[in-house]
Amino acid sequence: MSAMSEHFDVHGGARLVGEVEVVGAKNSVLKLMAAALLAEGTTTITNCPQILDVPLMADVLRSVGCEVTIDGDTAQITTPSELSHRADSPAMGKLRASVCVLGPLVGRLKRAVVALPGGDAIGSRPLDMHQNGLRALGATSSIEHGCVVAKADELRGAQIWLDFPSVGATENILMAAVLAEGTTVIDNAAREPEIADICTMLVQMGAKIEGAGTSTLTVHGVEELHPTEHRVIGDRIVGATWAFAAAMTRGDLTVRGVNPHHLDLVLDKLRLAGAEVTPFDDEGFRVVQGNRPKAVDFVTLPYPGFATDLQPFAVALSAVSEGTSMITENVYEARFRFIDEMVRMGADARTDGHHAVVRGVETLSSAPVWASDIRAGAGLVLAGLCADGVTEVWDVFHIDRGYPHFVENLNRLGARIDRVHGEGERI
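Per chain, residues are indexed from 1 in the order of the written sequence. Restriction of local features to residues with pLDDT of at least 70 applies here, the model being predicted, together with a cutoff of 80 or more for giving and counting side-chain atom pairs; totals for whole chains, interfaces and linings are based on all residues. Side-chain calculation: all heavy atoms of the structure are included, whereas hydrogens and water are not.

Brief notes about the environment of V10
For step 1, the next point in the chain: Every helix listed is a DSSP run of H or I at least four residues long, and every strand listed is a run of E at least two residues long, numbered separately from the N terminus. Relative to the helices and strands, V10 resides in strand β1 (residues 7-11).
For step 2, the next point in the chain: A relative accessible area of 0% places V10 in the buried class.
For step 3, the next point in the chain: On a C-alpha basis, the gap between V10 and S366 in space is 8.7 Å, while along the polypeptide they are 356 residues apart.
For step 4, the next point in the chain: Contacts were defined at the residue level, with two residues in contact if any of their heavy atoms lie within 4.5 Å. In this structure V10 touches V381, G384, L385, G389, V390, T391, V393, R416 and I417, once residues within four positions along its chain are discounted. Partly exposed residues are those whose accessible area sits between 20% and 50% of the maximum for their type, while under 20% is buried and over 50% is exposed, using a 1.4 Å probe and protein chains only.

Description of the pattern of salt bridges
For step 1, the next point in the chain: When a carboxyl oxygen of Asp or Glu is within 4 Å of a side-chain nitrogen of Lys or Arg, the pair counts as a salt bridge. Applying the stated criterion to the full structure yields 19 salt bridges.
For step 2, the next point in the chain: The residue R156 makes a salt bridge to E154 at a minimum N-O spacing of 3.0 Å.
For step 3, the next point in the chain: The class for R156 is partly exposed, based on a relative accessible area of 42%.
For step 4, the next point in the chain: When salt bridges with common partners are traced through the structure, they connect E6, D400 and R419 into a single cluster.

What to know about the UniProt feature "binding site: phosphoenolpyruvate" (unreviewed entry) in the protein chain
For step 1, the next point in the chain: UniProt positions are given in the numbering used here, feature names are shortened, and annotations may be inferred rather than shown by experiment. Sequence positions flagged by UniProt for "binding site: phosphoenolpyruvate" (unreviewed entry) are, in local numbering, K26 and N27.
For step 2, the next point in the chain: Following the sequence through the fold, K26 ends up in helix α1 (residues 26-35).
For step 3, the next point in the chain: Of the residues examined, K26 reaches a relative accessible area of 9% and is grouped as buried.
For step 4, the next point in the chain: Setting aside anything within four residues of it in sequence, one finds K26 in contact with P49, I51, D53, D235, I374, R375, R401 and G402.
For step 5, the next point in the chain: Take N27: it is sitting in helix α1.
For step 6, the next point in the chain: Setting aside its immediate chain neighbours within four residues, N27 contacts E171, E194, I237, D309 and R375.

A closer look at the sheet that holds strand β10 (residues 159-161)
For step 1, the next point in the chain: Pairing between two strands is assigned when DSSP locates at least 2 bridges connecting them. Spatial strand order, β10-β11-β13-β12: 4 strands in an open sheet with mixed pairing. Either end of the sheet is taken by a strand with one partner, and the two such strands are β10 and β12 (208-210). Mean inter-strand twist for the sheet, computed between neighbouring axes without regard to direction, equals 15°.
For step 2, the next point in the chain: Sheet topology note: the β12/strand β13 (residues 216-220) ladder contains 3 bridges and is antiparallel. Each bridged residue has a counterpart across the sheet, and for I209 the counterpart in β13 is V219. Whenever a helix is involved, its axis is fitted only over the stretch in contact; in every case the axis is a line through C-alpha atoms, and angles between N-to-C directions fall within 0 to 180 degrees.

Looking at the packing of aromatic side chains
For step 1, the next point in the chain: Put simply, two rings from Phe, Tyr or Trp (the six-membered ring, in Trp's case) pair if the centres are within 6.5 Å, and we call them stacked under 30 degrees between planes, edge-to-face over 60, tilted for the rest. On inspection of all chains with the given rule, the structure shows 6 aromatic pairs.
For step 2, the next point in the chain: Among the aromatic side chains, those forming a connected cluster through ring pairs are F244, F298, F306 and F313.
For step 3, the next point in the chain: The aromatic ring of F298 is capped on one face by K269, whose charged end is 5.6 Å from the ring centroid. Lysine NZ or arginine CZ positioned within 6 Å of the ring centre and within 35 degrees of the ring normal marks a charge as sitting over the ring.

Things to note about the sheet that holds strand β7 (residues 111-115)
For step 1, the next point in the chain: Taken in spatial order, the 4 strands of this open sheet run β6-β7-β9-β8, and their pairing is mixed. Unpaired on one side and paired on the other, β6 (86-87) and β8 (140-144) mark the two borders of the sheet.
For step 2, the next point in the chain: By the bridge criterion, 5 bridges tie β8 to strand β9 (residues 147-151) in an arrangement that is antiparallel. Along β9, the bridge assignment pairs S142 with V149.
For step 3, the next point in the chain: Packed on one face of the sheet, helix α4 (residues 128-136) meets β8 and β9 and runs near 150° to β8.

Points about unusual backbone geometry
For step 1, the next point in the chain: A cis amide bond links Y303 with the next residue in sequence, P304, at an omega value of 15°.
For step 2, the next point in the chain: If you trace the backbone, P304 turns up in the loop between β18 (298-299) and α9 (311-319).
For step 3, the next point in the chain: For N188, which is not a glycine, the phi torsion comes out positive at approximately 60°.
For step 4, the next point in the chain: Turning to its location among the elements, N188 is positioned in the loop between β11 (183-187) and α6 (193-204).
For step 5, the next point in the chain: Positioned with a positive phi, D395 is a non-glycine residue whose angle comes to about 60°.
For step 6, the next point in the chain: Of note, D395 is situated in the loop between β25 (390-394) and α12 (397-400).

A look at the nonpolar core
For step 1, the next point in the chain: Remark: nonpolar core denotes a set of buried residues (Ala, Val, Leu, Ile, Met, Phe, Trp, Tyr, Cys) joined through side-chain atoms within 4.5 Å. Ranked by internal contacts, the top residues of the largest apolar core, which has 81 residues, are M33, V101, L202 and L225.
For step 2, the next point in the chain: The contacts of L202, once residues within four sequence positions are left out, are A35, L38, L174, M175, V178, A207, I209 and L225.
For step 3, the next point in the chain: Counting residues in each nonpolar core, the second largest holds 74 residues, with M248, L310, I374 and L380 among its members.

Observations concerning the state of the cysteines
For step 1, the next point in the chain: Whenever a pair of cysteine sulfur atoms sits within 2.5 Å, that pair is classed as a disulfide. Throughout the structure, instances matching the rule amount to 0 disulfides.
For step 2, the next point in the chain: Left without a disulfide partner, C48 is nearest to the cysteine sulfur of C100, which lies 13 Å away.
For step 3, the next point in the chain: Among the cysteines around C147, which has no disulfide bond, C100 carries the closest sulfur, lying 16 Å off.
For step 4, the next point in the chain: We classify C147 as buried; its relative accessible area is 9%.

Here it is in structure tokens:
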């Protein structure tokens with residue numbers, strides 16, 4: 001059976017209680033792996049999440065000549081002196097983040113041919129800003145035969161303004177600029193903790209970067225970088241998923257391995273919904289929800305705003321809350337397709353352009369539903385815990401791309417979820 005024919009049987013009525021550990025951030029580890037291309041030798045990355053995307057990125061790196069070994073939560077990437085500039089492995093089509101090899105290849109080799117990436121179905125994510133940034137540094141860049149083609153005689157520092165604080169564009173421009181001649185200033189840069197994590201690793205490799213975590217990054221180019229060992233930051237999106245799970249199931253969860261300050265806005269929203277939230281320095285937090293959650297409004301924005309990745313959980317929480325919530329999606333236009341699946345489960349939700357209005361109901365009803373992306377899949381599982389009967393969640397390969405041991409963790413915390421092959425073979 002293919003992974004695509006698997007589904008989860010989610011039994012409703014669970015209350016989640018206990019402690020859960022969050023591992024390294026999916027949205028950081030793949031970019032850190034790509035950054036290893038910038039230095040000849042062996043780079044070691046620890047606290048890697050055991051998700052499907054990590055071996056896919058390993059395949060992408062092997063396609064340009066690296067040796068990659070993955071052992072548990074540790075990835076070792078040996079980058080040769082002679083790299084290929086062509087990243088067109090079949091894995092590229094399955095992995096949105098694969099485009100992040102563009103910046104390192106252009107930085108190191110002054111040329112790259114990178115297959116256009118695949119990934120989640122959540123709307124268009126054009127590469128204009130990536131290409132414009134490379135052009136500002138002195139490269140030519142175009143789309144040819146399904147690939148991004150970039151080349152330069154030399155890269156020179158530049159003043160670059162991003163129209164939108166795109167995470168991917170910030171990363172690619174940053175990784176090209178660290179080996180450019182002179183100083184590059186990236187204005188309106190993305191401020192996500194994952195960007196700061198890449199900056200930390202690049203500085204360990206010998207890069208000169210100022211302003212990590214702010215909207216202005218200043219990069220003083222250096223001649224070469226050296227390998228390093230780096231620990232991936234905890235995954236704030238997974239941490240927030242558990243926070244929402246506690247609130248939705250009226251549970252009591254302690255979440256460790258993630259900096260609660262990366263989730264300040266999320267935890268504030270859950271407090272407004274009636275949860276008792278206790279942060280632990282920079283290593284975790286506890287969420288206790290005694291009564292039915294109260295309705296809260298959400299607006300997705302670039303960090304430090306409410307993450308678009310968490311919008312499905314905002315919708316799912318609103319669906320079982322007391323009162324009416326408005327959710328505004330400002331980042332990805334197709335993210336609201338999740339709501340169609342929630343309506344199958346009895347959610348009272350309407351969409352109008354960038355807005356969704358959700359009137360909470362006491363209990364959702366079980367139904368067969370389909371995950372359209374990683375977070376939608378996890379959101380449907382949490383909704384299933386709040387439904388009567390058994391909810392079938394299909395296309396769960398999406399969930400496996402972002403959540404290591406998701407079913408095992410949920411079952412340990414008091415849920416009952418079965419992973420089912422094909423028409424009914426439980427595993």
